[in-house]
Amino acid sequence: MRFPLNNTFIFIFGALGGMLFGFDTGIISGASPLIESEFSLNAAQTGFITSSVLIGSMIGALTIGGLSDKYGRKKLLIVSAILFLLGSGLSATATGFVWMVLARILLGLAVGAASALTPAYLAELAPKEHRGSLSTLFQLMVTFGILLAYVSNLSFLNHNLLGFSDWRWMLGSALIPSALLLIGGILLPESPRYLVKQGDMRNAFKVLQLIRKDMDATEVTAELDEIKRVAGAEGAQQQKQGSVKELFTTARPAIIAAIGIMLFQQLVGINSVIYFLPQVFIKGFGFPADQAIWVSVGIGVVNFVSTIVATIFMDRFNRKTVLFFGSIVMAVSLVALALLNFLGDVSHAAIPTMVLIAIYILGFAVSWGPLAWVMIGEIFPLSVRGIGTSIGSAANWIGNFIVSQFFLMLLAAFNNNVGGPFAIFAAFAVLSIPFVAKCLPETKGKSLEEIEAELVSRSK
C-alpha cells in the first residue's frame, strides 16, 4: 500500500467534510425565500425545508460512528461524499416540497456523518503537539463553507443562468466540493489507530511514517507501540464487556463531557445567527432584504477570520482556558445586546447590535466553535471513539434543532425585540463556565492514550 501524499493534502481534504457541513447548512438562508416563492409554499413548509436537514443530521451522526468503528474512517468518508453528491444534485433539481424535503434529509445524513466522522479522523492522524490546531481545521472549514454559502447566495441571486432558477445554482454549487471530498476520500490513508485495531501493523506503521515526517523510525515505532498497548488493553476489556456497556462505565465521563460541550455549543445561540441573521435585521430593525444579506456576509467574514486565528494559536493555550475566555466574551456581549435592545431606542440600536454580534461571534469562533469538535475527537477510548463521537455529534444536532425551531417563535414572543432571545442565550453562556470547570478534562499536549487513561481513572 502506497500513500504518495503530503500532510497538507491529508489534513485539508480530511477536513473537507466540514466545508460541506457549513455550506449545506448556510446556503438555505438565501435560497429558502426563492424556493418558497417558486413552489408557493406556506411559512410552515418553508421552515420544515430549513430544518429537515437536521433530521437527517441526527440520524447520520448516530449511525456513522458504529459503522466507522467496524469498517474504518476512510470508507465512511467516501460514503458521506457520495451522500453529499446525491443530496446536492437532488435538491438542485427538486420539483416540489416533498422532493426538496427528501433531498435535504439525504443531505442531512451526509452532514451528520461528516460532523461525527471528521473530528475523530483528524484527531487520530494529528500529533499530540499540534492536534488542537489540525483538528480545528474542521471548524475552519465549517466557517469557510458558511461564508461560501453566503457568497453563493449573493452571486447567483437574480441570475437565472441557462434557464435554471437562481436558487438551483445556489444549491447545485455544492456538487463541486462534494466531488473533491470523494476524490480526497479515495486517496486519503486510513487512520493508523483503526489499522492497529484491525491488526494491520504494517500499514499502520506506513501511515504513521507518512504523517510524522519530523520523526525517525524509532520514534514512529514508539508511538505505534503505545497505540498497540492501549488497543490491546481495550481488546481484552471488550472481551469482558460490550462496547455499549463500556460507554456507560469506563467511558461515562467522556460521554457526559461530549454531550455537554455539544449542547452548550448550540444553546449559546450560534445557529440563530447562522440561519436567521437576515431575518433579525429585517424584522427587528426594518432592513431591506439585500442589506440584511450583506450583514450576514460581514458576520460570516468575522466568523471565518476568527477561526483562522483560533487555528494558528489553538495549541499555545490550555483548552479549558480558551473555553472560559469564550464563555465570558459571549456572556458579556449577549447581556449587552439584551440590555441595549430592551432599554435603549431600538431605532438607533442596529449598528451597536451588529458590533456586539460580531464580538459574540469572535468569542465563539476562537473557543467553543472549534474546541467542541476538537475535544469530542480526543476524549473517547479508541474502542468506542466512533460511536462516542456520534453521540456527541447527535447532541449537537439536537441543540441545533432546538435553537432553529424556537428562535423565530421567541423573537415573535418578544415582539421582534432581539433582546429576548439573546438574554436566554446569555444565560447558557454563563452556565457553560461551571460545566467547563467541573466536567471537562484538560487535553492540550497529551496523547489520546494519556487522555483516555485520565478519564478512565475518573470513572472508578
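Because the structure is predicted, anything quoted here is derived from the model rather than measured.

1. A few points about a nonpolar patch on the surface
- On the surface, Val301, Val305, Ile308, Val309, Ile312, Phe313 and Phe317 cluster together into a nonpolar patch covering about 560 Å² of accessible area.
- When you line up the elements, Ile308 lands in helix 16 (residues 289–313).

2. Thoughts on the nonpolar core
- Judged by nonpolar contacts, the single largest core of 116 residues is most densely connected at Ile261, Phe281, Ile357 and Trp368.
- The element contributing the most residues to this core is helix 6 (residues 97–125), with 11 residues.
- Per-domain counts for this core show at least three residues from each of domain 1 (1–188) and domain 2 (243–459).
- Once you skip the residues sitting within four places of it in the chain, Ile357 turns out to touch Val273, Leu277, Phe281, Ile299, Leu337 and Phe422.
- Of all hydrophobic cores here, the second largest spans 18 residues; its members include Phe23, Leu41, Met100 and Leu171.

3. Here we look at the environment of Val430
- Secondary-structure assignment places Val430 in helix 21 (residues 419–439).
- For the pair Val430 and Ile328, spaced 102 residues apart in sequence, the C-alpha separation works out to 7.3 Å.

4. A few points about helix 19 (residues 368–376)
- In terms of burial, helix 19 is largely enclosed, as 9 of its 9 residues are buried.
- Within helix 19, the full set of buried residues consists of Trp368, Gly369, Pro370, Leu371, Ala372, Trp373, Val374, Met375 and Ile376.

5. As for the packing of aromatic side chains
- Scanning all chains against the criterion turns up 9 aromatic pairs.
- An angle of 40° between the planes, with centres 5.3 Å apart, marks the rings of Phe264 and Phe435 as tilted. Placement of Phe264 in helix 14 (residues 252–267) and of Phe435 in helix 21 is noted, with a sequence separation of 171 residues between them.
- A relative accessible area of 9% places Phe435 in the buried class.
- Between Phe422 and Phe425, the aromatic rings sit 6.0 Å apart at their centres with planes inclined by 65°, giving edge-to-face as the arrangement. Of this pair, Phe422 and Phe425 both sit in helix 21, 3 residues apart, which is roughly one turn of the helix.
- The exposure class assigned to Phe425 is buried, which follows from its relative accessible area of 5%.

6. A few points about empty space enclosed by the protein
- By the definition in use, this model includes 3 cavities of 30 Å³ or more.
- Of the pockets and cavities examined, the largest cavity occupies roughly 190 Å³.
- Every residue lining the largest cavity is counted, 18 residues in all, and those nearest its centre are Phe21, Val142, Ile146, Gln266 and Asn271.
- Among the secondary structure elements, those contributing two or more residues to the lining of the largest cavity are helix 2 (16–26), helix 7 (131–156), helix 14, helix 15 (270–285) and helix 20 (385–413).
- Residues belonging to the lining of the largest cavity are distributed by class as follows: 9 nonpolar, 9 polar and no charged.
- Each pocket or cavity is described by its volume, and for the second largest cavity that value is around 50 Å³.
- In terms of lining, the second largest cavity is formed by Ile146, Tyr150, Val273, Ile274, Leu277, Ser296, Ile299, Gly300, Asn303 and Ile361.
- Elements with a contribution of two residues or more to the lining of the second largest cavity: helix 7, helix 15 and helix 16.
- Ranked by residue count, the leading element in the lining of the second largest cavity is helix 16, at 4 residues.

7. Overview of the confidence of the model for the chain
- Of the residues in the chain, 89% reach a pLDDT of 70 or more, and the chain-wide mean stands at 81.
- Model confidence for the chain, summarised as mean pLDDT per element, is weakest for helix 13 (residues 243–247) at 63 and strongest for helix 21 at 93.

8. Considerations on the packing of helix 5 (residues 73–92) against helix 6
- Packing of helix 5 against helix 6 brings their axes to within 8 Å, and their N-to-C directions diverge by 155°. When the axes of helix 5 and helix 6 are compared, the pair comes out roughly antiparallel. As helix 5 runs across helix 6, the sense of the crossing is left-handed.
- Taken together, the residues of the contact of helix 5 with helix 6 break down into 18 nonpolar, 5 polar and 2 charged.

9. Regarding the environment of Ala336
- For Ala336, the position within the fold is in helix 17 (residues 319–343).
- The spatial distance from the C-alpha of Ala336 to the C-alpha of Thr353 is 9.0 Å, given a sequence separation of 17 residues.

10. Examining the pattern of salt bridges
- Under the defined criterion, the tally for this structure stands at 3 salt bridges.
- With a closest N to O distance of 2.7 Å, Arg319 and Glu378 form a salt bridge. With Arg319 in helix 17 and Glu378 in the loop between helix 19 and helix 20, this pair connects stretches of sequence that are 59 residues apart.
- A relative accessible area of 0% places Glu378 in the buried class.

11. Quick look at unusual backbone geometry
- Residues other than glycine seldom take positive phi values, yet Ser40 does so here, at roughly 55°.
- For Ser40, the location among the structural elements is in the loop between helix 3 (28–39) and helix 4 (43–71).

12. A short note on the packing of helix 17 against helix 19
- In the contact formed by helix 17 and helix 19, the axes pass within 10 Å of each other and the chain directions differ by 145°. Relative to helix 19, the crossing made by helix 17 is left-handed. Contacts between helix 17 and helix 19 pair Arg319, Val322, Leu323, Gly326, Ser327 and Met330 from the former with Trp368, Leu371, Val374 and Met375 from the latter.

Thresholds applied
- Residues numbered from 1 in each chain as written.
- Predicted model: local features only at pLDDT ≥ 70, side-chain atom pairs only at ≥ 80, totals over all residues.
- Heavy atoms only, no water.
- Patch = residues over 30% accessible without salt bridge, like charges linked within 9 Å, V, L, I, M, F, W, Y side chains within 5 Å.
- Areas by Shrake-Rupley, 256 points an atom, 1.4 Å probe, with all protein chains shown as cover.
- Salt bridge = Lys/Arg side-chain N within 4 Å of Asp/Glu carboxyl O.
- Helix = DSSP H or I, 4+ residues; strand = E, 2+ residues; numbered from the N terminus.
- Core = buried A, V, L, I, M, F, W, Y, C linked by side-chain atoms within 4.5 Å.
- Buried < 20%, exposed > 50% of the residue type's maximum accessible area, 1.4 Å probe, protein only.
- Domains from an automatic or database assignment.
- Contact = heavy atoms within 4.5 Å.
- Phe/Tyr/Trp six-rings, centres within 6.5 Å; stacked < 30°, edge-to-face > 60°.
- 1 Å grid on protein atoms, 1.4 Å probe; cavity = no way out; pocket = protein on both sides within 12 Å on 5 of 7 lines; lining within 4 Å.
- Points joined across faces, edges and corners; volume = space filled by probe spheres on them.
- Nonpolar A, V, L, I, M, F, W, Y, C, P; charged D, E, K, R; others polar.
- pLDDT = per-residue confidence, 0-100.
- Axes fitted to C-alpha atoms, helices over the stretch in contact; angles between N-to-C directions.
- Parallel < 35°, antiparallel > 145°, perpendicular 65-115°, else oblique.
- Left-handed = near helix turned anticlockwise from the far one by under 90°.

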